[in-house]
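# What the coordinates show
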Amino acid sequence: MAYFKILPILRDKYVDMGMLNISAELYLEQGDEGYDKYIAEHFVTVPIIPEGRYTGKFNKDGVPVNQTDYDNWIKSLPTVWRLNPFCTHSIQFEHDATEEEILWCFEWALGITHWNYLMDDLHCQKKDENGNPYSQVVNQPFHYSARRDYFRTISQLPLGNRSDYMNSELAKISKVEAKVNKIKDVDFTKVKTIGKYSVRQ
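Okay, so let's go over this structure. (Residues numbered from 1 in each chain as written. Predicted model: local features only at pLDDT ≥ 70, side-chain atom pairs only at ≥ 80, totals over all residues. Heavy atoms only, no water.)

## Looking at the sheet that holds strand 1 (residues 3-6)
- Here three strands make up an open sheet; going across it, the order is 1-2-5 and the pairing antiparallel. Each edge of the open sheet is held by one strand with a lone partner, namely strand 1 and strand 5 (87-93). The mean angle between the axes of side-by-side strands here comes to 30°, regardless of whether they run parallel or antiparallel.
- Pairing geometry for strand 2 (residues 20-27) and strand 5, over seven bridges, is antiparallel. Counterpart to Leu 26 in the pairing with strand 5 is Cys 87.
- Its contacts with the sheet put helix 3 (residues 99-118) on strand 1, strand 2 and strand 5, and the angle it makes with strand 5 is roughly 140°. (Pairing = 2+ DSSP bridges. Helix = DSSP H or I, 4+ residues; strand = E, 2+ residues; numbered from the N terminus. Axes fitted to C-alpha atoms, helices over the stretch in contact; angles between N-to-C directions. Contact = heavy atoms within 4.5 Å.)

Have a look at this one:
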């Protein structure tokens, strides 16, 4: 049966916009529709990076100065087989979302994303006209940038110039920070719920 794993919950750029951003990896199991396709695409070899890591030089952007040397180093490393998720899905929540609401949303996302995967309609697997990976995040730049700019603007207004609504919006930031601290160590496989969810650790 298809399942999801909720990734570690961290303080990220969404917190400054009063939103809790949670991501989950989505997996299929043997017997699931599309499993053979999934294994063919996502059961891959990955290099085992040693503790000392690559010792060559990097530029200020973290790119190896000598790309050929870096590529040869990667090729020289031993590898292991790893099953990657068929999709990693992120959802933004309000600070008062319950753990069960979070699980419900990812259960829904698992079902719809599995269907889209079977239909070859996952945005994360498509590329734009420039060959760059296309994703739902790329598809919503206006919504993200508009909310980010709104929060930046109202946070710079003098307190007396803010409406009650603006103050309530800004208050969400500290509420989301508190929520991140509260649920960052939650084992979602052990949350007591009314419904049954396909979550694993």
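There's more to say after this.
## Section: a nonpolar patch on the surface
- A surface patch of nonpolar side chains, about 590 Å² in accessible area, is lined by Trp 104, Trp 108, Ile 112, Trp 115 and Met 119.
- Along the chain, the position of Ile 112 falls in helix 3.
- By relative accessible area, which is 35% here, Ile 112 ends up partly exposed. (Patch = residues over 30% accessible without salt bridge, like charges linked within 9 Å, V, L, I, M, F, W, Y side chains within 5 Å. Areas by Shrake-Rupley, 256 points an atom, 1.4 Å probe, with all protein chains shown as cover. Salt bridge = Lys/Arg side-chain N within 4 Å of Asp/Glu carboxyl O. Buried < 20%, exposed > 50% of the residue type's maximum accessible area, 1.4 Å probe, protein only.)

## Digging into helix 1 (residues 35-42)
- Of all the positions in helix 1, only Tyr 35, Tyr 38 and His 42 are classed as buried. Along helix 1, the residues classed as buried sweep out an arc of 55° about the axis, all on the same side. Helix 1 presents Asp 36 and Ala 40 as exposed residues on the side facing more than 90 degrees away from its buried surface.
- Looking at the packing, one finds that the buried side of helix 1 touches strand 2, strand 3 (43-47), strand 4 (79-83) and helix 3. (Arc of directions from axis to C-beta.)

## Section: the environment of Lys 75
- As for its position among the elements, Lys 75 is in helix 2 (residues 67-76).
- For the pair Lys 75 and Pro 47, spaced 28 residues apart in the sequence, the C-alpha separation amounts to 7.9 Å.

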